[in-house]
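The primary structure of each chain is shown beneath.
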4 protein chains.
Amino acid sequence: MKNTFGNSLSVTLFGESHGQAIGCVIDGISPGIEIDKAFLISQMEKRKGVNALSTARREADEVKILSGVFEGKTTGTPICLMIENADTKSKDYSKTKNLARPSHADYTAECKYGGYQDYRGGGHFSGRLTAPLVAAGAIALKALESKGIKIATHIACCGGITDREFENYEADFKLLSEIDIPVLCERKREEIAQAIEACRRVGDSIGGILSTAVTGVPAGVGEPWFDTVEGMLSHALFSVPAVKGVEFGAGFDFSKMTGSQANDSFYIDGENVKTKTNNNAGINGGITNGMPILFRCAVKPTPSIYKKQETVNFKEKTNESLVIEGRHDPAIIHRAAVVIDSMTALTLCDLLLSRFGTDYFKP
Amino acid sequence: MKNTFGNSLSVTLFGESHGQAIGCVIDGISPGIEIDKAFLISQMEKRKGVNALSTARREADEVKILSGVFEGKTTGTPICLMIENADTKSKDYSKTKNLARPSHADYTAECKYGGYQDYRGGGHFSGRLTAPLVAAGAIALKALESKGIKIATHIACCGGITDREFENYEADFKLLSEIDIPVLCERKREEIAQAIEACRRVGDSIGGILSTAVTGVPAGVGEPWFDTVEGMLSHALFSVPAVKGVEFGAGFDFSKMTGSQANDSFYIDGENVKTKTNNNAGINGGITNGMPILFRCAVKPTPSIYKKQETVNFKEKTNESLVIEGRHDPAIIHRAAVVIDSMTALTLCDLLLSRFGTDYFKP
Amino acid sequence: MKNTFGNSLSVTLFGESHGQAIGCVIDGISPGIEIDKAFLISQMEKRKGVNALSTARREADEVKILSGVFEGKTTGTPICLMIENADTKSKDYSKTKNLARPSHADYTAECKYGGYQDYRGGGHFSGRLTAPLVAAGAIALKALESKGIKIATHIACCGGITDREFENYEADFKLLSEIDIPVLCERKREEIAQAIEACRRVGDSIGGILSTAVTGVPAGVGEPWFDTVEGMLSHALFSVPAVKGVEFGAGFDFSKMTGSQANDSFYIDGENVKTKTNNNAGINGGITNGMPILFRCAVKPTPSIYKKQETVNFKEKTNESLVIEGRHDPAIIHRAAVVIDSMTALTLCDLLLSRFGTDYFKP
Amino acid sequence: MKNTFGNSLSVTLFGESHGQAIGCVIDGISPGIEIDKAFLISQMEKRKGVNALSTARREADEVKILSGVFEGKTTGTPICLMIENADTKSKDYSKTKNLARPSHADYTAECKYGGYQDYRGGGHFSGRLTAPLVAAGAIALKALESKGIKIATHIACCGGITDREFENYEADFKLLSEIDIPVLCERKREEIAQAIEACRRVGDSIGGILSTAVTGVPAGVGEPWFDTVEGMLSHALFSVPAVKGVEFGAGFDFSKMTGSQANDSFYIDGENVKTKTNNNAGINGGITNGMPILFRCAVKPTPSIYKKQETVNFKEKTNESLVIEGRHDPAIIHRAAVVIDSMTALTLCDLLLSRFGTDYFKP
């Protein structure tokens, strides 16, 4: 299905960095969900990142809701969200259009689209296309919240600095909703900001690891094969630009554990079945068990750096060197957190609507 | 789509551990692909694992091809592969049917299927269902081979022992096709076998990390968003039981690199565009660039262990303790390698058929 | 998705007329639905047609349930239904394999599968593949019945003889469940039988029109665009071999009506909204309104006739003449009724499960 | 997939009659297809209908291409087409919002969306949403044309007047591209215009039958089951508002034929295999045979009439009478032809791209 994701809830993404507009169509969401514009705007702001750490282009990024919302609530029909491209610097991209920026998609776009792609600013591959995903995610997050389901992401590590882990989901989620740079420990937050800033000064970039928790998902959601919760989430998460790894619960650390250490014992807590540990990230056999869903995403350093790089002209088949001009971020990890939350929310809505029907979120 | 995976090539999986048969239907494969029965059987044997390391049930696992193959070649219509369940020990599962084996899917199956699931031996969740996937994968691997595309997986680490990395794909792939335990270094192979054996003696289990390489995939395959190569592959790979993490190229190690270290410089090699390093695993912007596709899967320790475990009776809502009887493997990582290869092959066939049309593999 | 139909409930069909087995996999049906074997067998018998009107091959057509059913009830996991091909007359098809039987799929199979298709007895195109669809439909029909939804089909006309229309759904549905040739009027039933018999005597064949009614579907099911009830049903119905037209309600007769004649006025009946007429077949804007769903299918004469026909050898590119030997039916319309019911039931289950969630049919 | 249609080529439709904008996203079309703006505009004009026969609202209907087109050609990435709603008469719909207009979707929208639907002017169900489909179709038609595939539709009958059938596809297609009211016979064209005009004078409406031909589709396209050419086309065609029947080739007239009359004999014409008759509409076993694809659509009278009608208030559960005010067409059949062409073109592109890969239409 190419640029469409999801079954019961689907998201279709469109747009290019320097085209007329970017946006997406969300289809399948229950009717009656209130659009919280203030929340939507605050999510969009989080994606832009704090000024201090970001030289990225400053667009108003006003989200226009073209359809699917009536009297402030979802109608149940497709919602088209559109963001007009305003600040599309009219610099001349044609000079460099056949130079493949390393670790960018210029060369693969050429291979796939045969020279017809819009090469300006990464075109359809631009990280800018996460903006409509964040707008869509804002609606999904509110729908989930109405069912007691919450999602939050923090920077687990960046620049050699490691944040503390989630301790108290409720308090930590509240904290993350209020701060600009999603790091739980205040001191580490500053250190990470400094590490990113240091990286900028030398014209380089860094990545890191994002850690996400989802609480409140009922047990029994997901499929045993293929459309497992892990499979569906990872499918969505690898669309977040720069994500190159996804692990659930103990993840790669499982390789250091024995079964008796790794297994999560069940116990009865009042009326509920719970597990003492949560190495399996709230998922057994691809299906939720009611415990928090936990995962981590590896985020590579932003490929646009100011240093001179070796590359090729893929039309002329010549070796070339390249310095990427313009504005670029020394890190996007702090901006990516809200994109992870958004893709997670959209995926979970899909799974829940498939399980419980189209009225699941209807008031 | 629940138990169906793929678009242009789809696989639908069916069966329960102790039901009449397990199997799958593969639809969309090009006509004219020769069925290599010897290869299919050898793949099935690899999945069973070597006797020394495996107490798993010994089934003949004869794959019956019910449809879609005529005069030894694929017809282009759906292929149903069926394996009858023979050795379904008639032990009484009803005693323990409401006890949730830790880190197994017994409890989540109850939540999803409301008590109607076939609980015997894990039912539909059983690792046994990877057998038809391996059979399907054998057909896909041969199709890919006809186009010069090869896939192989080795144990990168297990029990604290680390194998060497791929050095020469051709030689290493050949080696892996000939040995039982997929470890490149002969000495490490023995050490890993001993580590697994040691684990068995204490009634515990271990996991590890599998490392996979794919060579020969043409550039320009995959989608920029959602159906990225990483998204499609991870979606499939998380269906391999016990896989809890997937990373591409440098993966989680990207968090320790700067952009100037992480970026893969392009260069011209004769007529071809190549990269000097391959941290991005042959994938830029979700699309193949012609370099090898590289990924690693975290495999958790097999949850069935002989040690006593704490759990619950989810019907009675009581705390219980449990010793899992019967036959179980101290590790499945050496058996999982061929399942990873199979899922990878099926996913790549899907992507290639979508890109190049239904006749892509036709002779 | 090729040989898979449906989203929330999917059916994947496999097999060839003279292969080892035919069958299908049904995925997504709610757990807990009782398998009514007697009903399943009686549906299979209806598909075979009465002896008097059918020379078709006599297979036992025993349906083996390979998976997805436990202790007599659906588990919620994929159900594989398999029918072994027993009576595959070993006649030599290779002589005629390059002769295109008129109005059969021999030539189009060659164009699509490039010579690799199983040409024996129509291969994957054989009407025999409706047998697993009828078996799958039997499960779907029982699921629907548990929610008060009923489906029945009669021959509206055949051989110039016109049956009466549905008068009393309950009584007419009961009658149709008890008789062999689905004609409401007893006298017409005999006349139609005679017309078919007369056709056989001259070595020719006839078609006709099937009329279907569905009662009890709740209002609010279906989608406004694309996955309309009409769109979904017709998509499925055109897979019934020989169906070449589908009309809903007044259908093609709408062309003779004015808006004031065609519109269905609403009225209140107790607590319910109903319409006085039902020209729109219980569907407005693609969505059910609670009135019976009504449609008619045009069934072409069976293409296999005993008369000599002009055709080509598509390999040699020569004009040829052909007499089709073997067993063939002078009509399949009476046998097609139960296939229509089955496809309708499967499609409606899909729509209902999508609307109300996976547990909709759970007891 | 709700409001998305197609696999290899998909169309996602959004918008409401009185919302901010309507539009669609087309994904999967090959790169390099030239956008013929003049053709697009002329198709949009055809959908609006000639002034004389249409009182429908007069919108500029300027199609904005937000993405997926660069330097006048498709890029291969999603194309978002948007039409802003300008002439949304601010009349007060709230008075009548709970009155179900007969044969409209007001009541079914209430059942599906539970009161959250945008009820103004039919909301998401409005025939106005065919405008973006026609715009999308214009791109698809040009892509097909580049491969020698042509589509045209005429009014086969309306108001008791029957047009002649297609005689010479090339000449007839040219004629239809040049005239406003798609009737082949000039005299009948005038008569049909008069019949529609007469209907308007009495405040009523009429429907009719549309007949479509597609030439140039290569043999071997489509699937044997489910995604048959008939199934895919009908699925799409029933989304054209007011279409209530679809028949291929001889269609419902098959019921009056014998097999020997109905079968299409093959013959060799130079290098090509052709059929003498084309009762099967160029489709055997669900797959194209290279002959023209022929089908007819039954179009019901437009439900909006000026006459007083009986209906209900579905909130209050009371019987009411209703006179629908505002602008409405006495017939839409002449305007629907171009919508049929568009849906046909989009469906065929989907089938061809699936068969031949994503570059099929690339220059």
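Residues numbered from 1 in each chain as written. Chains lettered and ligands numbered in written order. Predicted model: local features only at pLDDT ≥ 70, side-chain atom pairs only at ≥ 80, totals over all residues.

Peer 1: Honestly, the relation of the copies chain A and chain B in this entry has me stumped. Any pointers?
Peer 2: Two copies of a chain can be linked by a rotation about an axis combined with a shift along that same axis. Each copy of the sequence occupies a distinct position, and chain A is placed on chain B by a rotation of 180° and an axial shift of 0.0 Å, giving an RMSD of 0.0 Å. The operation mapping one copy onto its partner corresponds to a two-fold rotation axis. Mapped onto chain B, 100% of the interface residues of chain A are again interface residues, and the two copies thus contact each other with one and the same surface. (Least-squares fit on C-alpha atoms with pLDDT ≥ 70 in both. Contact = placed C-beta atoms within 7 Å.)

Peer 1: Mind showing me how you'd approach unusual backbone geometry here?
Peer 2: Glycine aside, negative phi is the norm for most residues, and most peptide bonds take the trans geometry. Positioned with a positive phi, A:Ser103 is a non-glycine residue whose angle comes to about 65°. If you trace the backbone, A:Ser103 turns up in the loop between β7 (79-84) and α2 (106-113). (Helix = DSSP H or I, 4+ residues; strand = E, 2+ residues; numbered from the N terminus.)

Peer 1: Quick question: what am I supposed to make of helix α1 (residues 37-48) of chain D here?
Peer 2: Three- or four-residue spacings in an α-helix give side chains the same orientation, since the helix completes a turn every 3.6 residues. Residue and element names in this part refer to chain D. Between its first and last C-alpha, α1 extends 17 Å over 12 residues, near the 16 Å set by a 1.5 Å rise per residue. What α1 keeps buried is the set Leu 40, Gln 43, Met 44, Lys 46 and Arg 47. Buried residues of α1 fall within an arc of 155° about the axis and therefore sit on the same side. (Expected span 1.5 Å × (residues − 1). Buried ≥ 20, exposed ≤ 12 C-beta atoms within 10 Å, placed from the backbone. Arc of directions from axis to C-beta.)

Peer 1: What am I meant to see in the packing of helix α1 (residues 37-48) of chain C against helix α3 (residues 130-145) of chain C here?
Peer 2: Angle between the axes and distance between the axes are the two parameters that describe a pair of packed helices. Residue and element names in this part refer to chain C. At a closest axis distance of 9 Å, the pairing of α1 and α3 adopts a crossing angle of 140°. As judged from the angle between their axes, α1 and α3 are oblique. As for how α1 packs across α3, the hand of that crossing is right-handed. Residue-level contacts link Phe 39, Leu 40, Gln 43, Met 44 and Arg 47 of α1 to Thr 130, Ala 131, Val 134, Ala 135, Gly 137, Ala 138 and Lys 142 of α3. Residues belonging to the contact of α1 with α3 are distributed by class as follows: 7 nonpolar, 3 polar and 2 charged. (Axes fitted to C-alpha atoms, helices over the stretch in contact; angles between N-to-C directions. Parallel < 35°, antiparallel > 145°, perpendicular 65-115°, else oblique. Left-handed = near helix turned anticlockwise from the far one by under 90°. Nonpolar A, V, L, I, M, F, W, Y, C, P; charged D, E, K, R; others polar.)

Peer 1: For this particular structure, what's the right way to read the sheet that holds strand β10 (residues 208-215) of chain C?
Peer 2: Hydrogen bonds between backbone groups are what pair the strands of a sheet, and the pairing can be parallel or antiparallel. Across the sheet, 10 strands lie side by side as β9(C)-β8(C)-β10(C)-β16(C)-β11(C)-β11(D)-β16(D)-β10(D)-β8(D)-β9(D); this open sheet has antiparallel pairing. At either end of the open sheet lies a strand with only one pairing partner, and these are β9 (161-162) of chain C together with β9 (161-162) of chain D. Across 2 bridges, strand β8 (residues 150-158) of chain C lies against β9(C) in antiparallel orientation. Bridge assignment links C:Cys157 to a residue of β9(C), and that residue is C:Thr162. Contacts between helix α6 (residues 229-237) of chain D and the sheet are confined to β11 (243-248) of chain C together with β11 (243-248) and β16 (293-299) of chain D, with β11(D) contributing the most and set at about 160° to the helix. (Pairing = 2+ DSSP bridges.)

Peer 1: I would appreciate a short explanation of the interface of chain A and chain B in the present structure.
Peer 2: Interfaces are frequently sized by the accessible area removed from exposure as the parts join. Listed by partner, the interface residues are 87 residues for chain A and 87 residues for chain B. Its residues assigned to classes, the side of chain A that touches chain B comprises 39 nonpolar, 35 polar and 13 charged. Summarising the sheet, strand β11 (residues 243-248) of chain A and strand β11 (residues 243-248) of chain B pair through 3 bridges and their orientation is antiparallel. Its bridge partner being in β11(B), A:Gly245 is matched across the sheet by B:Glu247.

Read these as spatial facts, not as claims about activity.
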